[in-house]
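Per-entry structural report
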Amino acid sequence: VTVRAAYAELTGVLYAPPSNARDQEVALLLARYVDFEEMTRRFFGEPCQKPGCIDHWAELTIPQRIEVEGLVQTSLTEIWIRQLNHALDYDVDIQSAVSHRLDARVHVTARPKVGSAPTEQIDLFFVPGRTPYRLVDERSGGLLSAKRNKLYDQWLKNPDQGLPYLLARLGKREAREASVPF
């Protein structure tokens, strides 16, 4: 599936009136088009993005990895559903994929149909050579995996926080929305 086809399928669902059923359908599509396992590994430092980083993913047990991945998926899905609710207000231009050393990048430009809201520039990253494309990272301002990795690293290194704190933050929607800069 191409990125354009996935976006067309997602926006097609968004024409339905807002409801829990519509949000569930969007969540199912996101689960199909996003590689949450790979994305979560990147958030936890695998592969390390800079010298001296810690691969916290390697420190987790398999049950912890499963729990963390589920919480990350729920968190991102909630955020993206809210953001996608505004997708129909934009004209979206999706460029062809450009392969780089580690990822294939698809550049997206979203221009507001009306009003003076700024044009959004978003880069979507995929593992090259894997089809269908499944999102593994995104950049709109800063690289999502780098931002999350920095935050998770802070929490995991702090002896007063650690993994229990990170799990609690991911699991508490109201706390996450109020104070985590995503």
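To keep things clear, this report deals only with the structure shown in the data block.

Definitions and cut-offs
Residues numbered from 1 in each chain as written. Predicted model: local features only at pLDDT ≥ 70, side-chain atom pairs only at ≥ 80, totals over all residues. Heavy atoms only, no water. Axes fitted to C-alpha atoms, helices over the stretch in contact; angles between N-to-C directions. Helix = DSSP H or I, 4+ residues; strand = E, 2+ residues; numbered from the N terminus. Parallel < 35°, antiparallel > 145°, perpendicular 65-115°, else oblique. Contact = heavy atoms within 4.5 Å. Nonpolar A, V, L, I, M, F, W, Y, C, P; charged D, E, K, R; others polar. 1 Å grid on protein atoms, 1.4 Å probe; cavity = no way out; pocket = protein on both sides within 12 Å on 5 of 7 lines; lining within 4 Å. Points joined across faces, edges and corners; volume = space filled by probe spheres on them. Pairing = 2+ DSSP bridges. Core = buried A, V, L, I, M, F, W, Y, C linked by side-chain atoms within 4.5 Å. Buried < 20%, exposed > 50% of the residue type's maximum accessible area, 1.4 Å probe, protein only.

Put simply, helix α3 (residues 36–43) and helix α5 (residues 62–84) touch, their axes get as near as 9 Å, and they point 100° apart. It follows from the interaxial angle that α3 and α5 lie roughly perpendicular. Contacts between α3 and α5 involve F36, E37, M39, T40 and F43 from the former and V68, E69, V72, Q73, L76, T77 and W80 from the latter. For the contact of α3 with α5, the per-class residue count stands at 7 nonpolar, 3 polar and 2 charged.

Time to look at empty space enclosed by the protein. Summed over the entire model, instances satisfying the criterion amount to 1 cavity of 30 Å³ or more. Computed from the structure, the largest cavity encloses a volume of approximately 40 Å³. Lining the largest cavity are D35, F126, V127, R130, P132, Y133, R134 and V136.

Before going further, it helps to spend a moment on the pairing of strand β5 (residues 135–140). Sheet topology places strand β4 (residues 120–126) next to β5; 4 bridges connect them, and they run antiparallel. Each residue of the ladder has a partner; that of F125, found in β5, is D137. Bridging between β5 and strand β6 (residues 142–143) involves 2 bridges; their strand directions are antiparallel. The residue bridging R139 from the neighbouring strand is L143, located in β6. Between β5 and β6, which pair antiparallel in sequence order, lie 1 residue; one of them, G141, sits at a positive phi of approximately 105°.

Let us now look at the nonpolar core. The biggest cluster of nonpolar side chains holds 41 residues, and the ones touching the most others in it are V26, L30, F43, F44, L76, W80 and Y152. Looking at this core, the elements that each hand over two or more residues are α1 (3–14), α2 (20–33), α3, α5, β3 (104–112), β4, α6 (144–157) and α7 (162–171). In terms of residue count, α5 provides more of this core than any other element does, 8 residues in total. Apart from residues no more than four positions distant in its own chain, F44 is found in contact with I54, D55, H56, W57, L60, V68, N149, Y152, L156 and L166.

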